[in-house]
Amino acid sequence: MQTCDADLIIIGAGPAGLTAAQYGARANLRTLVFEQITPGGQALTIDTLENYPGNVGTRDAEGKPLAPPKSGYDFSQDLHRQALDFGARFIAAQVETLKTEGDLFTITTEHGETKQAIALILATGASHRTLGVPGEAQFTGRGVSYCATCDGPFFRNKKIVVAGGGDAACDEAQYLSRLSPRVVLVHRRDRFRAQDSLVERVRNNPRIEVRLNTIIREIRGEQTLSSLILEHSDNTGTGTGQTYQENADAVFVFVGTVPQTSLVPGLKKDAAGYIVTDQRMESSRPGLFAAGDVRSSPFRQVVVAAAEGAIAAHCAAEYIEAWKTGRRPVQGPGAARE
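Residues numbered from 1 in each chain as written. Predicted model: local features only at pLDDT ≥ 70, side-chain atom pairs only at ≥ 80, totals over all residues. Heavy atoms only, no water.

1. Examining empty space enclosed by the protein
Just so we agree on the cut-off: A cavity here means a set of points on a 1 Å grid, drawn over the protein atoms and nothing else, where a 1.4 Å probe fits but cannot get out; a pocket is an open set with protein on both sides within 12 Å along at least five of seven lines, and a residue lines either one if it has an atom within 4 Å of a point. Grid points are joined across faces, edges and corners, and a volume is the space filled by probe spheres set on the points. Basically, the charged four are Asp, Glu, Lys and Arg, the nonpolar ten are Ala, Val, Leu, Ile, Met, Phe, Trp, Tyr, Cys and Pro, and anything else, Gly included, counts as polar.
Counted under the stated rule, the structure contains one cavity of 30 Å³ or more. When its volume is computed, the largest cavity comes out at roughly 30 Å³. Residue lining of the largest cavity: Gly-292, Asp-293, Ser-297, Phe-299, Arg-300, Gln-301, Val-304, Ala-305 and Glu-308, and that is the complete set. Tallied by class, the residues present in the lining of the largest cavity amount to three nonpolar, three polar and three charged.

Take a look at the structure:
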């Protein structure tokens, strides 16, 4: 039997990858996890992870809060420690190529190191989508940001504009309102996409001004950002041609994500570019599983990513066992085959 460097390789160490690492290692699989930055992924930017089941703050006998729920950073640290305790190995490197050799997977890192495994879980997540307007790239890091907890403190008591209409935009606007009394949340359509509870919280916050039917068209400044060109839009999000200038010190952009699938151009994907899997998290390539924000899903939350990571690792273990014993690898009904 051909020997491999690992039974299971996981690419990405956000909530999906970290949970998969726990379940893979706990199933006694030789598990290697590759992460180019810090374990945690986008969860690291969450100020308060208040909607993860069981992650509630401590309260006294009268029900008054003593401490808030865990932050995304603390939550990620816990997941990382658990995976290490179960025996998963972590390698800090970017995976540059992924190839199949027979029915095995071979990855090559930025350092030229190669590793081979029987099964692979892709948990590379998604990157922040940009506005794509003049001035955005020029002022990134000088007033334009995609992470409120990272850069918000630099703009304490300054005028902050938040762009977006989903959960992330509403969450981050709430966080930024604790740093500044002048937060403007703009969304190109006539209603938010976020959960109703989040929208209500934003609308009831006196430190947040909501402007629907508003599009950011240009970002201006000299050394740092100083103003925006905004355009009124109709109910479909289409610009009307009516523009005006708005002074601002910062703009935080939360307008969606782009799946990180460059390693697997040949896999089956949905119209938005997310990887299509079956209910076992297996992709159109047998033995290659996907979990978390890189996967086609109607709902992207930390709890969903963690659950998908667990399923992917469990089913990868079944696939690996079948491979080692010479049986046909397990494939669930409705597998995402091309």
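Next comes the rest of the write-up.
2. Some thoughts on the environment of Thr-108
Definition in use: Helix and strand labels come from DSSP, where a helix needs a run of H or I of at least four residues and a strand needs a run of E of at least two; each type is numbered from the N terminus. Residue contacts follow a heavy-atom distance rule, with two residues in contact if any of their heavy atoms lie within 4.5 Å.
Secondary-structure assignment places Thr-108 in strand 5 (residues 104-109). Expressed as a C-alpha distance, the spacing of Thr-108 and Leu-98, which sit ten residues apart in the sequence, is 6.7 Å. The contacts of Thr-108, once residues within four sequence positions are left out, are Gln-94, Val-95, Glu-96, Thr-97, Glu-113 and Thr-114.

3. A look at the environment of Leu-267
Within the element layout of this structure, Leu-267 appears in the loop between strand 16 (257-259) and strand 17 (288-290). With 175 residues separating them in the primary sequence, Leu-267 and Ala-92 have C-alpha atoms 25 Å apart.

4. Thoughts on the sheet that holds strand 12 (residues 214-221)
For clarity, the cut-off: The pairing criterion is simple: DSSP has to find at least two bridges between the two strands. Only C-alpha atoms enter the line fits that serve as axes; for helices the fit covers just the stretch in contact. Angles between N-to-C directions range over 0 to 180 degrees.
Here we have three strands laid out as an open sheet, ordered 12-13-14, and antiparallel in their pairing. Looking at the sheet topology across the chains shown, the edges are occupied by strand 12 and strand 14 (239-247). The mean inter-strand angle of the sheet, taken between neighbouring strand axes irrespective of direction, is 25 degrees. In this structure, strand 12 lies alongside strand 13 (residues 225-233), joined through seven bridges in antiparallel fashion. Directly across from Ile-216, in strand 13, lies its bridge partner Leu-230.

5. Here we look at the packing of aromatic side chains
Worth spelling out the cut-off: Side-chain rings of Phe, Tyr and Trp, where Trp is taken by its six-membered ring, are said to pair if the distance between their centres is within 6.5 Å; with planes under 30 degrees apart they count as stacked, over 60 as edge-to-face, and otherwise as tilted. For every residue, the accessible area obtained with a 1.4 Å probe (protein chains only) is divided by the maximum for its type, and the residue is called buried under 20%, exposed over 50%, and partly exposed between those limits. Consider the ring centre and the ring normal. A charge sits over the ring if Lys NZ or Arg CZ is within 6 Å of that centre and within 35 degrees of that normal.
Across all of its chains, the model carries three aromatic pairs by this definition. Aromatic side chains Phe-289 and Tyr-319 sit 6.4 Å apart centroid to centroid with 80 degrees between the ring planes, which places their arrangement in the edge-to-face category. Separated by 30 residues along the polypeptide, Phe-289 in strand 17 and Tyr-319 in helix 7 (residues 302-324) bring together distant segments of the chain. Of the two residues, Phe-289 and Tyr-319, neither departs from the other in class, the shared state being buried. The ring of Tyr-274 has Arg-300 lying over it, and the distance from NZ or CZ to the ring centre is 3.7 Å.

6. Some words on helix 7
Put simply, the test is: Here, expected helix span is obtained from the residue count minus one, scaled by 1.5 Å.
In this model, helix 7 (23 residues) spans 33 Å end to end at C-alpha, consistent with the 33 Å of a helix rising 1.5 Å per residue. Remark: Gly-326 follows helix 7 within two positions and exhibits a positive phi of approximately 80 degrees.

7. Quick notes on the sheet that holds strand 10 (residues 183-186)
Sheet architecture is open: five strands sit in the order 8-15-9-10-11, paired in parallel fashion. Only two strands of the sheet have a single partner each, and these edge strands are strand 8 (144-145) and strand 11 (208-211). The sheet contacts of helix 5 (residues 167-177) involve strand 9 (160-163), strand 10, strand 11 and strand 15 (250-253), and relative to strand 10 the element is tilted by about 170 degrees.

8. Some details on the state of the cysteines
The criterion, for reference: Note on disulfides: each one is a pair of cysteine sulfur atoms within 2.5 Å.
For the coordinates displayed, the defined rule picks out one disulfide. Across the disulfide, Cys-147 is cross-linked to Cys-150 (sulfur-sulfur distance 2.1 Å). Where Cys-147 bonds to Cys-150 through sulfur, the torsion about that S-S bond is close to 70 degrees, and the disulfide is right-handed. The class for Cys-150 is partly exposed, based on a relative accessible area of 45%. Left unpaired, Cys-4 is separated from the closest cysteine sulfur, that of Cys-315, by 20 Å. By relative accessible area, Cys-4 is classed as buried at 12%. Between Cys-170, a cysteine without a disulfide, and Cys-147, which holds the nearest cysteine sulfur, the sulfur-to-sulfur distance is 17 Å. According to the relative accessible area criterion, Cys-170 is buried, its value standing at 1%.

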